[in-house]
Amino acid sequence: MAEISLSNINKVYGDSFHAIHDLSFDIRDGEFMVFVGPSGCGKSTALRMIAGLENITSGTLTIGGEVVNAVDPKDRDIAMVFQSYALYPHKTVRENIAFPLRMAKIDKTEIGRRVEEAARILELSQHLDRKPGNLSGGQRQRVAMGRAIVRKPKAFLMDEPLSNLDAKLRVQMRAEIAGLQRELGVTTIYVTHDQVEAMTMGDRVAVMKAGVLQQVASPHDLYSRPDNVFVAAFIGSPSMNLYEATLDGNRLTLGKDGFEVPAQVFESRPSLRGSTNRKIIVGIRPENMDDAAIHPASAEISAPATLVEVLGAEDIVHLNIDAPWVDAGDPDAVTEIGEDRSAVARFSPKSTIRPGDIARVAIEAEELHFFDPDTRASIW
Amino acid sequence: MTDVYQRDIGKVMINAFALLLVLSYALPYVYLLMTSLKPAADVQQIPPRFFPETISLENFNTVLGTATLPKAFLNSLVVAILTTVLSLVLAVPAAYVATQYRRPITVLFLLFALITRMVPAVSLGVPLFQLLKTLGLLDTTTGLVLAHTSTAVPLALLLMAAFFEGIPKELEDAARMDGCTRFQAFAKIILPVMKSGIAITALFSFITSWNEFLYALLLTSESAKTAPIVIAEYNSVYGLAWGPMTASAILYSLPVIIVTLVLQKQIIGGLTFGAVKG
Ligand SMILES: Nc1ncnc2c1ncn2[C@@H]1O[C@H](COP(=O)(O)OP(=O)(O)OP(=O)(O)O)[C@@H](O)[C@H]1O
Ligand SMILES: [Mg+2]
């Protein structure tokens, strides 16, 4: 077990492609850290540098207080679970799990004991003599986990280990991996591009974009206090709605509508005062909007509903807000045809809004987020 | 009803066509076999008969009784085995590096291997002759092995590269995380995973050397002479010894046929590159 510390890590592929820019943060001993970000942002690259599979162009990486930039992967005492599982196809499950122990020259009876134990924890005991080719996706995933846990390494690295599983199994394995990690207490770095996975599993989450770290924080803080527009939109589903607005005194003008921003918002965001009388980016989470006919609020706007998705527990209402829409810069964001740029709100299922209606939308103004239109950073 | 009927007709036609094709390929070989089984006196019979009147092993006894043919067989075997081993030792690691550590230069490397396959062997024979002469390796097993290896390696390289394309890079990464050096990962994980691909490549290298005629003709004269040359020599200025020639040819073709039959599943599987997925 060990803490892992990155300081000013850079990665340049070839001699031109700068994949990671000045990555710095610490992962505490026993912590479950998640790297999340859109595809191609450098999550795997960062993980592979920690593993030792990729050279570090510049910067310092320490594991357990020791600088390991030049240490071979085999000597870093780290176990890794790959997206493709990378099981050894010619070996049985037992041999797969035993392999790292055999490489470590551990005595035979001890190997046998530890393999049995790992198999029991992962419910693989009946499958020990089968080859990976004859296992289901979920079982293969468990074998890959088994190969990682038998060794009792300093840290686990996992690169999208659940992305090849179907949705239901993914939810189950998500809980199992998080539980296992808590039980073993081994420092873990988990890479995913799924923000739900990141939020549910991580003690802390590092959000990356285009090789640049955006924010490292607990899931709760990421959600409630995002550092910038990108993090605000990336965390939470459906995404935060972002529009250009003007703040004039206490009055926020959003398109043709306007409402008072409550005093407590100015208290928690002192810098907001300095942003009055100019353009500002306002962020409204879908869950902070509702049908004013059902839950009236002091802040209200009206907008035509373009689409209503009835989910039972709530209605997802797409609204056409006539203020300039702000692109959060997530290349993976789904923009449905004809629906891009529309706001999304989570209305109470009692709402009777239908597509084409002009909806009166109540906004929980205390929960608004504000960002600087130039730096795109949160205004606090 | 008519659909089923038509499908059956189609099946019959395809099978008939396949049979015709097989027969036309097999016929010369069957004729070779029939001739070799005729008594020496019947071989040159006019008009020729397809089937022997009496089956006799006389021709086989003749060729096996001589000193030249068994020695040439042994030479062929030694050269083919050494060529196979040397080709694999050179081509397997090279193909692995060329596919797993893809750089512009490795792509070029494989392209060059392909180009050497396109140069006619004759045009390389003369420089090879000069080279081996300078090295004092003419008419030696070593010399012929080197010559055969030079033709077997490009083929082995291309085959192995195709096989290696099918294995994920993460396999080596996983082995390295599990405590292997790069070389251990290659030796302990990659090679065993690739064993059917390696077997097929070995077979092709072996056959390349076993069947090779031109270099053997140019580069050997007496002591390192291989069987194809001896077989061809039955057709000499002194006349055409059909009986011994056909018997030797049959004997010489047997190992290849047997191995191919034994390995046919792997060969077909391997040639469709499905051998290592799993
Ligand atoms: N070996 C390499 N050579 C050159 N560029 C590379 C190499 N590996 C990755 N890259 C580039 O570096 C960037 C980051 O890649 P990386 O695989 O780390 O992304 P990722 O965040 O893991 O994405 P994904 O979610 O798709 O797995 C990408 O633009 C990728 O094209
Ligand atoms: Mg990745």
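Per chain, residue numbering runs from 1 following the sequence as it is written. Here every chain gets a letter starting at A, and every ligand a number starting at 1, in the order they are written. With pLDDT at 70 or above as the cut-off, local features in this predicted model cover only qualifying residues; side-chain atom pairs require 80 or more to be listed or tallied, and sums for whole chains, interfaces and linings still use all residues. In computing side-chain properties, one takes all heavy atoms of the structure into account and sets aside hydrogens as well as water.

## Things to note about the overall build of chain A
Right, so step 1: When you go through chain A residue by residue, the secondary structure sums to nine helices and 20 strands.
Right, so step 2: Counting only C-alpha atoms, chain A reaches 75 × 45 × 35 Å along its principal axes.
Right, so step 3: Counting across all 380 residues of chain A, residues that qualify as buried make up 52%.
Right, so step 4: Accessible surface, chain A: about 16200 Å² in total, of which carbon and sulfur atoms supply 48%.
Right, so step 5: A positive count includes Lys and Arg, and a negative count includes Asp and Glu. His and the chain ends are not counted in either. Note on charges: their place is set at NZ of Lys, CZ of Arg, CG of Asp or CD of Glu. Side chains of chain A give 42 positive and 53 negative charges; the mean places of these two sets differ by 8 Å. Segments assigned H or I by DSSP are reported as helices when at least four residues long, segments assigned E as strands when at least two residues long, and all are numbered from the N terminus. Accessible area is worked out with a 1.4 Å probe on protein chains only. A residue is then buried under 20% of its type maximum, exposed over 50%, and partly exposed in between. Residue burial considers only the protein chains on display, and all accessible areas are found by Shrake-Rupley using a 1.4 Å probe.

## Description of the site of ligand 1
All names here are of chain A.
Right, so step 1: Neighbouring ligand 1 are the residues Tyr13, Phe17, Ala19, Ser39, Gly40, Cys41, Gly42, Lys43, Ser44, Thr45 and Glu160.
Right, so step 2: Pairing of N or O atoms within 3.5 Å defines a polar contact, subject to two protein rules: one partner must be a possible hydrogen donor and the other a possible acceptor, and residues neighboring in sequence count only if both atoms are side-chain atoms. Between ligand 1 and Tyr13 there is a distance of 3.2 Å, counted from a nitrogen atom to a side-chain nitrogen or oxygen.
Right, so step 3: Protein burial of ligand 1: of its 630 Å² of free accessible surface, 60% is covered by the chains.
Right, so step 4: Counting residues per element, the ones that place at least two in the shell around ligand 1 are β2 (17-27) and α1 (43-51).
Right, so step 5: At three residues, α1 tops the list of elements feeding residues into the shell around ligand 1.
Right, so step 6: A per-class count over the shell around ligand 1 returns four nonpolar, five polar and two charged. To be near a molecule or strand, a residue needs just one of its heavy atoms within 4 Å of it. Each residue is assigned to one class: nonpolar for Ala, Val, Leu, Ile, Met, Phe, Trp, Tyr, Cys and Pro, charged for Asp, Glu, Lys and Arg, and polar for all the others, Gly among them.

## Examining the domain arrangement of chain B
All names here are of chain B.
Right, so step 1: Where a domain begins and ends is set by an automatic assignment or by a domain database. Each assigned domain of chain B is listed with its residue range as follows: domain 1 (2-36) and domain 2 (63-271).
Right, so step 2: Taking only C-alpha atoms into account, the centre of domain 1 sits 32 Å from that of domain 2.
Right, so step 3: Residue contacts are defined here by distance: any two heavy atoms, one from each residue, within 4.5 Å place the two residues in contact. Listed as interface residues are five residues of domain 1 and, on the opposing side, six residues of domain 2.
Right, so step 4: A quick way to say it: buried area is the sum, across both parts, of accessible area lost when two parts are put together, with a 1.4 Å probe. For the pair domain 1 and domain 2, the summed buried surface comes to about 500 Å²; carbon and sulfur atoms form 80% of the total.
Right, so step 5: Summed over the three residues of domain 1 that lose the most area to domain 2, namely Tyr29, Leu32 and Ser36, the buried surface amounts to 76% of that side.

## Describing the sheet that holds strand β3 (residues 32-36) of chain A
Residue and element names in this part refer to chain A.
Right, so step 1: Any two strands between which DSSP finds at least two bridges are classified as paired. Ordered in space as β6-β7-β8-β3-β9-β10, the six strands form an open sheet in which the pairing is mixed. Where the open sheet ends on each side, the last strands, each with one partner, are β6 (78-81) and β10 (212-217). Here the average twist between neighbouring strands, direction ignored, is 15 degrees.
Right, so step 2: Pairing between β6 and strand β7 (residues 155-159): four bridges, direction parallel. Residue pairing across strands places Ala79 opposite Phe156, the latter belonging to β7. Axes here refer to lines fitted to C-alpha atoms; in helices the fit is confined to the stretch in contact. Angles between the N-to-C directions go from 0 to 180 degrees.

## Some thoughts on the side chain of Arg285 of chain A
All names here are of chain A.
Right, so step 1: Topologically, Arg285 is positioned in the loop between β14 (278-284) and β15 (289-291).
Right, so step 2: We define a salt bridge as a side-chain nitrogen of Lys or Arg found within 4 Å of a carboxyl oxygen belonging to Asp or Glu. Buried charged residue Arg285 carries no salt bridge. Nearest counter-charge: Glu287, at 4.9 Å.
Right, so step 3: In this structure Arg285 touches Leu222, Tyr223, Pro226, Ala232, Ile235, Gly236, Met240, Asn241 and His369, once residues within four positions along its chain are discounted.

## Focus on helix α9 (residues 195-211) of chain B
It helps to recall that an α-helix has 3.6 residues per turn; residues three or four apart then point in one direction.
Right, so step 1: Multiplying 1.5 Å by the helix residue count minus one yields the expected span of that helix. Compared with an ideal rise of 1.5 Å per residue, which puts 17 residues at 24 Å, α9 of chain B spans 24 Å between its outermost C-alpha atoms and is within 8% of the ideal.
Right, so step 2: Taken residue by residue, α9 of chain B has Gly197, Ile198, Ile200, Thr201, Ala202, Leu203, Ser205, Phe206, Ile207, Ser209 and Trp210 of chain B as its buried positions.

## Considerations on the confidence of the model for chain B
All names here are of chain B.
Right, so step 1: Per-residue confidence from the prediction method is given by pLDDT, with values spanning 0 to 100. Averaged over chain B, the pLDDT score is 89; the fraction of residues at 70 or greater is 95%.
Right, so step 2: Within chain B, helix α13 (residues 264-271) has the poorest average pLDDT of any element, 71, and helix α7 (residues 170-177) the best, 96.
Right, so step 3: Predicted confidence is poor over residues 273-278, with pLDDT under 50, and the contacts of this stretch with residues over four places away or in other chains come to 13 contacts.

## Looking at helix α2 (residues 93-103) of chain A
Right, so step 1: Burial runs high along α2 of chain A: eight of the 11 residues are buried.
Right, so step 2: Within the sequence span of α2 of chain A, burial applies to Val93, Asn96, Ile97, Ala98, Phe99, Pro100, Leu101 and Met103 of chain A.
Right, so step 3: If you follow the buried residues of α2 of chain A, they end up packed against α3 (108-121) and α4 (137-149) of chain A together with α8 (182-193) of chain B.

## Quick notes on unusual backbone geometry
Residue and element names in this part refer to chain A.
Right, so step 1: With an omega of -5 degrees, the peptide bond running from Ser237 to Pro238 counts as cis.
Right, so step 2: Tracing the backbone shows Pro238 in the loop between α8 (229-234) and β11 (241-248).
Right, so step 3: Of note in this structure, Ala86 is not a glycine but carries a positive phi near 50 degrees.
Right, so step 4: Within the fold, Ala86 resides in the loop between β6 and α2.
Right, so step 5: Positive phi outside glycine occurs at Arg376, with the angle close to 65 degrees.

## Side note on the environment of Thr68 of chain B
Right, so step 1: Examined against the element boundaries, Thr68 of chain B turns out to sit in helix α3 (residues 68-100).
Right, so step 2: Once the C-alpha coordinates of Thr68 of chain B and Ile189 of chain B are considered, the two residues, 121 residues apart in sequence, prove to be 45 Å apart.

## Details of the side chain of Arg114 of chain A
Right, so step 1: Following the sequence through the fold, Arg114 of chain A ends up in helix α3.
Right, so step 2: Not counting residues up to four positions away in its chain, the partners in contact with Arg114 of chain A are Leu101, Ile106, Val150, Arg151 and Lys152 of chain A.

## Focus on the environment of Val205 of chain A
All names here are of chain A.
Right, so step 1: Within the secondary structure layout, Val205 lies in strand β9 (residues 204-209).
Right, so step 2: Taking C-alpha positions, Val205 is 4.7 Å from Val34, a pair spaced 171 residues apart along the chain.
Right, so step 3: Sequence-distant contacts of Val205, defined by excluding residues within four places in its chain, comprise Met33, Val34, Val36, Ala198, Gln215, Val216, Ala217, Pro219 and Leu222.

## Side note on the pairing of β10 of chain A
Residue and element names in this part refer to chain A.
Right, so step 1: Sheet analysis places β9 next to β10, joined by five bridges and oriented antiparallel. Counterpart to Val207 in the pairing with β10 is Gln215.
Right, so step 2: Counting the residues that bridge the hairpin from β9 to β10 gives two residues, and of these Ala210 lies at a positive phi of roughly 45 degrees.

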